[in-house]
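Observations on the three-dimensional arrangement
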Amino acid sequence: MDQQQLLRMFPDMEYDEMATIMQLTQNMTEQQQQTFLAIFQGKRRDRTLMLVLALLGFVGFAGIHRIITGDIGLGILYFFTAGLCFVGTIVDLINIKNITLTYNQKMAYEAANMAVATFR
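Nothing here was measured: the structure is a model prediction, and the numbers come from that model.

Here is what the cut-offs are and how they apply
Residues numbered from 1 in each chain as written. Predicted model: local features only at pLDDT ≥ 70, side-chain atom pairs only at ≥ 80, totals over all residues. Heavy atoms only, no water. Buried < 20%, exposed > 50% of the residue type's maximum accessible area, 1.4 Å probe, protein only. Helix = DSSP H or I, 4+ residues; strand = E, 2+ residues; numbered from the N terminus. Arc of directions from axis to C-beta. Contact = heavy atoms within 4.5 Å. Core = buried A, V, L, I, M, F, W, Y, C linked by side-chain atoms within 4.5 Å. Phe/Tyr/Trp six-rings, centres within 6.5 Å; stacked < 30°, edge-to-face > 60°.

Some words on helix 2 (residues 15–25)
Taken together, the buried positions of helix 2 are occupied by Glu17, Met18, Thr20, Ile21, Leu24 and Thr25. Angular distribution of buried residues about the axis of helix 2 spans 160°; they occupy a single face of the element. Exposed residues pointing more than 90 degrees away from the buried face of helix 2 are listed as Tyr15 and Gln23. At its buried positions, helix 2 is contacted by helix 1 (3–9), helix 3 (30–43) and helix 9 (96–118).

As structure tokens, this is what we get:
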């Protein structure tokens, strides 16, 4: 798999995420790589979507971005405390790139494990 193929599939992918994917797929067969990409494409979250969901915290729907990244407890806490009185929501808006990158890297590892296990 090359960087051009990844950029065509995920045009908003940044270097750190691409480096993780390249590292995970370097020892995979072509079939495993295709399976990985299919799984990862369904699990990956776009940073723009995450930003919009975080902004919803200012109109009464705080914490949705945390819930879809797997931080259920924190998402529920944000929901019932209006994003910790908007402070948590503001901090998350500043850190949305890191939140999204961490989630996408976690999903990449899960997808890689599934792809490799499928063709053993």
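The structure having been displayed, the exposition proceeds.
What about the nonpolar core?
Among the nonpolar cores identified, the biggest contains 16 residues, and Leu6, Phe10, Met13, Ile21, Phe36, Phe40 and Ala108 are the most heavily contacted of them. Mapped by element, the contributors of at least two residues to this core are helix 2, helix 3 and helix 9. If you tally residues by element for this core, the top one is helix 9, at 6 residues. In contact with Phe40, not counting residues within four places along its chain, are Phe10, Met13, Glu17, Ile21, Asn104, Met107, Ala108 and Ala111.

Remarks on the packing of aromatic side chains
Enumeration according to the criterion identifies 4 aromatic pairs in this entry. When the ring of Phe36 is compared with that of Phe40, the centres are 5.6 Å apart and the planes differ by 5°; the resulting orientation is stacked. Linking Phe36 with Phe40, this pair stays in helix 3, spanning 4 residues, or about one helical turn. Each member of the pair, Phe36 as well as Phe40, carries the same accessibility label: buried. Taken together, the aromatic side chains of Phe10, Phe36 and Phe40 make up a single cluster linked through ring pairs.

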